[in-house]
Amino acid sequence: QRRNRPRRSVQRHRKRPQPRQSIEKRPAQVDRRERFGHWEMDLIAGPTGGSSAALLTLVERKTRLVICRKIADKTQASVLRAIRAIEAQFGPRRFRCMFKSITVDNGSEFLDAESLQTSAFSKRQRTTLFYAHPYAAWERGSNENANRMIRRFIAKGRNIARFTLKAIAEAI
């Protein structure tokens, strides 16, 4: 005779989506471009069939200063490595002053808000991330314009891995 035992189900642990701050919560002074330190960030991807290299671009909203880094692929880990390298270059304290906020799109490479906002050096918040609405590229207009300028020199479909850092810097 069989005993009725409680069934054990397989529990799958998914990483819960982290709370993301909408662009609507961004201070008005950022929209008016009054102060230095508010950035927009995006990726320029290479060809779909070729190399997976990409360019990470950051554009400061007031001065239109562009920081561009070549990354190995279009993943969260590569974006995080590039942000950490920029933080190491400027130092944690200066990074916090220079990067008060960063506005990004809803691409999968930017979804790990907690890691992008937390400093690798001090475990303190290094910046605040704001997410634009889906399919609203005009909310990050400075970055889209800078990417268009870069695309004049690195055309769509060209393999980004073949470009040297010097050639990329000259394109900017």
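Everything below is about the structure printed above this text.
Residues numbered from 1 in each chain as written. Predicted model: local features only at pLDDT ≥ 70, side-chain atom pairs only at ≥ 80, totals over all residues. Heavy atoms only, no water.

## Quick notes on the overall build of the protein
1) Next: Scanning the protein from N- to C-terminus turns up six helices and five strands.
2) Next: By the burial criterion, 41% of the 172 residues in the protein qualify as buried.
3) Next: For the protein, restricting intrachain contacts to residue pairs at least 6 apart in sequence, the fraction spanning at least 24 positions comes to 65%. (Helix = DSSP H or I, 4+ residues; strand = E, 2+ residues; numbered from the N terminus. Buried < 20%, exposed > 50% of the residue type's maximum accessible area, 1.4 Å probe, protein only. Contact = heavy atoms within 4.5 Å.)

## Remarks on the pattern of salt bridges
1) Next: Following the criterion strictly, the structure yields seven salt bridges and no others.
2) Next: Arg32 is paired through a salt bridge with Glu34; the nearest N and O atoms lie 2.7 Å apart.
3) Next: Overall, Glu34 belongs to the partly exposed group, its relative accessible area being 41%.
4) Next: For Arg140, the salt bridge goes to Asp105, with nearest N and O atoms at 3.6 Å. Here the residue Arg140 occupies a position in the loop between β5 (128–131) and α5 (141–153), and Asp105 occupies one in the loop between β4 (101–104) and α4 (113–117), the gap between them amounting to 35 residues.
5) Next: By sharing partners, the salt bridges in this structure join Asp42, Asp105, Arg140 and Glu144 into a single network. (Salt bridge = Lys/Arg side-chain N within 4 Å of Asp/Glu carboxyl O.)

## Observations concerning the pairing of β4
1) Next: Alternating positions in β4 separate into two faces, Ser101 and Thr103 on one and Ile102 and Val104 on the other, with burial throughout.
2) Next: Pairing geometry for strand β1 (residues 38–45) and β4, over three bridges, is parallel. Each residue of the ladder has a partner; that of His38, found in β4, is Ser101.
3) Next: Bridge analysis of β4 against β5 gives four bridges, and the strand direction is parallel. Residue pairing in the sheet places Thr103 in a bridge with Phe130 of β5. (Pairing = 2+ DSSP bridges.)

## Focus: the nonpolar core
1) Next: If you look at the biggest cluster of nonpolar residues, it comprises 24 residues, and the most contacted ones within it are Met41, Leu56, Leu58, Val79, Phe99, Ile102 and Phe110.
2) Next: Mapped onto this core, the elements with two or more residues apiece are β1, β2 (54–60), β3 (66–71), α2 (76–90), α3 (92–98), β4, α4 and β5.
3) Next: Residues contacting Met41, with those up to four places away along its chain left out, are Leu56, Thr57, Leu58, Ile83, Ile102, Thr103, Val104, Asp105, Phe110, Arg140 and Asn143. (Core = buried A, V, L, I, M, F, W, Y, C linked by side-chain atoms within 4.5 Å.)

## Concerning α5
1) Next: Taking 1.5 Å per residue as the helical rise, α5 with its 13 residues ought to reach 18 Å, and the 19 Å between its terminal C-alpha atoms agrees with that figure.
2) Next: By the burial criterion, the buried members of α5 are Ser142, Asn143, Ala146, Asn147 and Ile150. One side of α5 holds all its buried residues, which, seen down the axis, span an arc of 130 degrees. In α5, the exposed positions that point more than 90 degrees away from the buried face belong to Arg148 and Arg152. (Expected span 1.5 Å × (residues − 1). Arc of directions from axis to C-beta.)

## A few points about α2
Note on helix geometry: an α-helix contains 3.6 residues per turn, so any two residues three or four positions apart are oriented the same way.
1) Next: Over its 15 residues, α2 extends 21 Å from the first C-alpha to the last, a length consistent with the 21 Å expected when each residue adds 1.5 Å.
2) Next: Among all positions of α2, only Ser78, Val79, Leu80, Ala82, Ile83, Ile86, Glu87 and Phe90 are buried.
3) Next: Tucked into the core, α2 has its buried residues touching β1, β2, β3, α3 and α4.
4) Next: Just past α2, the residue Gly91 takes up positive phi, approximately 90 degrees.

## Digging into the packing of aromatic side chains
1) Next: Considering all chains together, one arrives at four aromatic pairs under this definition.
2) Next: Here the aromatic rings of Phe36 and Trp39 are separated by 6.2 Å at their centres, their planes lie at 75 degrees, and the arrangement is edge-to-face.
3) Next: An aromatic cluster is built from Phe36, Trp39, Phe90, Phe95 and Phe99, whose rings are joined through pairwise contacts.
4) Next: Arg20 extends its terminal NZ or CZ atom over the ring of Tyr131, reaching a point 4.9 Å from the ring centre. (Phe/Tyr/Trp six-rings, centres within 6.5 Å; stacked < 30°, edge-to-face > 60°. Lys NZ or Arg CZ within 6 Å of the ring centre and 35° of its normal.)

## Brief notes about the sheet that holds β3
1) Next: Spatially, the five strands line up as an open sheet ordered β3-β2-β1-β4-β5, and their pairing is mixed. Edge positions in the sheet fall to β3 and β5, since each has one partner strand and no second. Ignoring strand direction, the axes of neighbouring strands in this sheet form an average angle of 25 degrees.
2) Next: Sheet topology places β2 next to β3; six bridges connect them, and they run antiparallel. Residue Val59 lies in a different strand from β3, and its bridge partner there is Val66.
3) Next: On the sheet, α5 packs against β1, β2 and β3 and is oriented at approximately 40 degrees with respect to β1. (Axes fitted to C-alpha atoms, helices over the stretch in contact; angles between N-to-C directions.)

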